[in-house]
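# Tertiary structure, described
Spelled out from the first residue to the last, the chains are:
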Amino acid sequence: MIAVQSTPPQSLPSLNPPSVPANAPEHCPGTESEQAGKADACAGCANQAICASGATRAPDPNLPLIAQRLAPIKHKILVLSGKGGVGKSTFTAQLAWALSSGVKADGEEVQAGVMDIDICGPSIPTLMGVSPDEGSVRSTAQGWEPIYVLPNLALMSIGFLLPQQNSAIMWRGPKKSGLISQFLKDVAWGPLDYLLVDTPPGTSDEHLSAVQYMKEAGIDGAVVLTTPQEVSLQDVRRELDFCRKVGLRVLGVVENMSGFVCPSCKGKSDIFLPSTGGAAQMCKEMGVELLGKVPLDPRIGMSADYGVSFLDEFPDSPATEAYLGIIERLKQKLEE
Ligand code: SF4
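The name an unreviewed UniProt entry assigns to the chain is Cytosolic Fe-S cluster assembling factor NBP35, from the organism Dacryopinax primogenitus. As recorded by UniProt, the Function (unreviewed entry) comment attached to the chain reads in full: "Component of the cytosolic iron-sulfur (Fe/S) protein assembly (CIA) machinery. Required for maturation of extramitochondrial Fe-S proteins. The NBP35-CFD1 heterotetramer forms a Fe-S scaffold complex, mediating the de novo assembly of an Fe-S cluster and its transfer to target apoproteins."

Below is the structure:
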């Protein structure tokens, strides 16, 4: 594990309280938020018409600052999943390792970054060999400094800002949005070729906030992770619908845990049955591209626990071959 440089204790960013009228229901997202009048909590509220009209919303002063901060980053990619436990964060970490091992046409190393905005389960630090307990974010005149896993691979996790790693975070939408906005505005990434944003599962406040704030700076699109079984695909269809509604391009879908290849005998078996045709059929129906299928390999989990690059450690694995194919196709799509 990389020991994060020890710094003076970092307090949580101070967040402006949302503007909530006295007659608003308990889960009001705030009349000035993007979700005002549209959130589930707004159904039946006496103020819904006025809030939905946008009249209560002032332009967010953070938007131009976020756009300015993210401007030196060439490609910004959201990594999404409909359901938890499909390997989204592990995929993000492996993708980051792989991208950072690339060399550009001018011979320079690719500069990559990972931003982890999973407030309730930030696992990227562990997956990338950084112990969240060992330090906190260093604040400089330029902003919050990311942690460098490699000289050309930067990482910032919302987990670094949470007061205690093992405490449950019970925040409502506006507070989460405020933290994500501050996170996007204040992290000094510098010029990057790729920034991967690892999000929580589902389509929640964090996703709406990330899309809303990053749109000004330009998002290339989203990669959506699923597993082959129908129960996972159902949630992915909702995720794809979310992307359509917020105008987010879907770069493609990755089917993870797609069969199991025994590392000893190389025999293949399906652990999660693609009973309704798996991601391939779902992609056909939804009109999105299947970027590839990654088979299960127990060594992926081991690499994740040790925080190392699976692709570097096990170049002979069929999963590595699948990852590399997906990454190659993703790069092509980003250049399209
Ligand atoms: S409509 Fe929504 S945002 Fe507006 S006051 Fe009611 S709950 Fe709050």
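The discussion continues.
### Observations regarding the packing of helix 3 (residues 88-100) against helix 11 (residues 318-335)
Here helix 3 crosses helix 11 at 70 degrees, and the two axes come no closer than 11 Å. Judged on the interaxial angle alone, helix 11 and helix 3 are roughly perpendicular. Where helix 3 abuts helix 11, its residues T90, F91, Q94, L95, A98 and L99 lie against Y323, I326, I327, L330 and K331. Broken down by class, the residue content of the contact of helix 3 with helix 11 amounts to 8 nonpolar, 2 polar and 1 charged.

### Let's talk about unusual backbone geometry
Unusually for a residue other than glycine, M257 sits at a positive phi of about 55 degrees. With respect to the helices, strands and loops of the structure, M257 is situated in strand 9 (residues 250-261).

### Things to note about the environment of L162
Mapped onto the elements of the fold, L162 is located in the loop between strand 6 (153-157) and helix 5 (173-186). Sequence separation of L162 and I119 is 43 residues, and the distance between their C-alpha atoms is 8.3 Å.

### A look at the pattern of salt bridges
Evaluated as defined, the whole model comprises 14 salt bridges. Residue K88 is joined to D198 by a salt bridge in which the shortest nitrogen-to-oxygen separation is 3.3 Å. With a gap of 110 residues between them, K88 in helix 3 and D198 in strand 7 (residues 192-198) connect regions that are remote in the sequence. The exposure class of K88 is buried, given its relative accessible area of 6%.

### What about the UniProt feature "binding site: ATP" (unreviewed entry) in the chain?
Sequence positions flagged by UniProt for "binding site: ATP" (unreviewed entry) are, in local numbering, G82, K83, G84, G85, V86, G87, K88 and S89. Residue classification places K83 among the partly exposed residues on the basis of a relative accessible area of 29%. Residues within four places of K83 in sequence aside, it is in contact with P201, V231, S232 and D235. Among the residues examined, G85 registers a relative accessible area of 67% and is labelled exposed.

### Topic: the side chain of S303
Its location among the elements puts S303 in helix 9 (residues 298-306). Owing to a relative accessible area of 1%, S303 belongs among the buried residues under this scheme. With sequence-adjacent residues up to four places away left out, S303 is seen in contact with V308, F310 and F314.

About the thresholds
- Residues numbered from 1 in each chain as written.
- Predicted model: local features only at pLDDT ≥ 70, side-chain atom pairs only at ≥ 80, totals over all residues.
- Heavy atoms only, no water.
- UniProt positions renumbered as here; feature names shortened; annotations may be inferred.
- Axes fitted to C-alpha atoms, helices over the stretch in contact; angles between N-to-C directions.
- Helix = DSSP H or I, 4+ residues; strand = E, 2+ residues; numbered from the N terminus.
- Parallel < 35°, antiparallel > 145°, perpendicular 65-115°, else oblique.
- Contact = heavy atoms within 4.5 Å.
- Nonpolar A, V, L, I, M, F, W, Y, C, P; charged D, E, K, R; others polar.
- Salt bridge = Lys/Arg side-chain N within 4 Å of Asp/Glu carboxyl O.
- Buried < 20%, exposed > 50% of the residue type's maximum accessible area, 1.4 Å probe, protein only.

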